[in-house]
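Descriptive structure summary
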Amino acid sequence: DATLAVVAVLDPLTMEAQKLAPILLLLRDALGADVTVFLSPSLEISEVPLKRFYRAAIGGGGEILFDEKGQRLSPEGGGVSFSSIRSRALLTMNMEAPEGWLIASRRAPHDLDNLMLDDLAQRTQVQYGIDYALIQGQCIDMDEREPPAGLQLELGNVSNPKLQDTLVMYNLGYFQLKANPGLLRLRVAPNRHGKIYRIEGAQTSSSGEEFRLVPVMGFKGTTQMVTVRRRVGMEKEKLLESGSDNKGSDDAKGSRGGGGGILGSLNSLFSDDKSEGKKEKEKQASELQDADDGETVHVFSLASGQLYERFLKIMMQSVVANTKSRVKFWFLSNFLSPQFKAFLPKMAAKFGFDVALVTYQWPTWLHQQTVKQRVIWGYKILFLDVLFPLDLKRIIYIDADQVVRGDVKELWNLDLKGAPYGYTPFCNT
């Protein structure tokens, strides 16, 4: 007799049933469980109930073997197969990975956003890979018992103390950083933020650097609960307000966690000192004109599917052709095809611009969107503060299907009058 008995009641034409079926098989095969399934289909169906088709790679998908030299003998192990779906509907392929993984497609011969399975003449293989493990967690100010919203955190190691940086969100004090396996160091940024806050229980190196050790063992990621306290004499200091003593610091140059960036702009909206706020706005506008990298205009866009990737190439060329300054494009890598990622460096070299890829995982505490287009819309606005390096002062978002006919430097130098975002009027005729 089995020591574990599992009874499941499932509606066979639901998304939940598709997800649970491979787990039940794993319990039966790996643990010898006695699994009983009762099917309870819905008696009233007004539309086709199945619009999503799931396959699960659980338990390795088969034994992976190696020869005496360490070479893998079963390269197809761990895969899943869609072999019996016949549909004239246009399908999209996506992967729901464990929370601690940042994944991307490595090989995709077809457009994964526009798959017509009946039109595929032969078997098609798509390969995904893990790019980074995810470090996420919550940061709390133990003095105020609330998140230190806007606090800059940096992740590094012994040789490079700043591999990644991010901001602590107001929502739950959430933060997210990408990493590779190893023994890493988490610290408060050594600027004005580091003068105000310290991490509780932090270690101190011989050079005086304060950090918290974060071991990342494998690609499962890790969740950290970080508590911080204000330093003596900094109890009343405002984190997001630039003071006269910050001259020359990262904040004074307009990083988003300080008075000169997006969060600083948000803070100035609620400032009681009107004259001080006006001076701060004038200072920010002056810094945009006089910054060391002022000749580089940063443009952000995103696309999904080969059609919009073609539009994206046209948009990029139109921006470069009409902008006299150097341009750097930032793209969200989550949805880009492997072919487009491989093409970007070649196009950048030919047309003379810079390019960088950023990535971010939708937080689990934020309402999960099931429609891919809604997820893409969310990335346009929700995570702008944490997508880019913190020393990036300003970025211009341009849709992939736009053609630019003017110099975007005009937008780069536009005075937003302290506002964190600038938009064209919505539904204003």
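Right above here is the structure, for reference.
Read on for an overview of the structure.

What counts and how
Residues numbered from 1 in each chain as written. Predicted model: local features only at pLDDT ≥ 70, side-chain atom pairs only at ≥ 80, totals over all residues. Heavy atoms only, no water. Axes fitted to C-alpha atoms, helices over the stretch in contact; angles between N-to-C directions. Helix = DSSP H or I, 4+ residues; strand = E, 2+ residues; numbered from the N terminus. Parallel < 35°, antiparallel > 145°, perpendicular 65-115°, else oblique. Left-handed = near helix turned anticlockwise from the far one by under 90°. Contact = heavy atoms within 4.5 Å. Nonpolar A, V, L, I, M, F, W, Y, C, P; charged D, E, K, R; others polar. Phe/Tyr/Trp six-rings, centres within 6.5 Å; stacked < 30°, edge-to-face > 60°. Buried < 20%, exposed > 50% of the residue type's maximum accessible area, 1.4 Å probe, protein only. Lys NZ or Arg CZ within 6 Å of the ring centre and 35° of its normal.

Let us now look at the packing of helix α5 (residues 306–322) against helix α6 (residues 338–351). How two helices pack is summed up by the angle between their axes together with the distance between the axes. Where α5 meets α6, the closest approach of the two axes is 12 Å, and the angle between their N-to-C directions is 20°. What the angle tells us is that α5 and α6 run roughly parallel. The element α5 and its partner α6 pack so that their crossing is right-handed. Between α5, through Glu-309, Leu-312, Lys-313, Met-316, Gln-317 and Val-320, and α6, the contact on the second element is made entirely by Phe-340, Phe-343, Leu-344, Met-347 and Phe-351. The residue inventory of the contact of α5 with α6, partitioned by class, reads eight nonpolar, one polar and two charged.

Attention now goes to the packing of aromatic side chains. Taken as a whole and assessed by the stated rule, the structure comprises 14 aromatic pairs. Each ring, one from Tyr-360 and one from Phe-383, has its centre 5.0 Å from the other, and the planes form 35°; the classification is tilted. Remark: Phe-383 occurs in the loop between α7 (372–381) and α8 (384–387) and Tyr-360 occurs in the loop between β15 (354–358) and α7; sequence separation between them is 23 residues. Both residues of the pair, Tyr-360 and Phe-383, belong to the buried class. Between Trp-362 and Tyr-379 the ring centres are 5.9 Å apart and the planes differ by 75°, which places this aromatic pair in the edge-to-face class. Placement of Trp-362 in the loop between β15 and α7 and of Tyr-379 in helix α7 is noted, with a sequence separation of 17 residues between them. Given a relative accessible area of 12%, Trp-362 falls into the buried group. Given the relative accessible area of 3%, Tyr-379 is considered buried. Sitting over the ring of Phe-211, Arg-185 keeps its end group 3.9 Å from the ring centre. In this arrangement the basic side chain of Lys-313 is found over the ring face of Phe-343, its NZ or CZ atom lying 4.4 Å from the centre.

What is shown is where atoms sit, not what they do.
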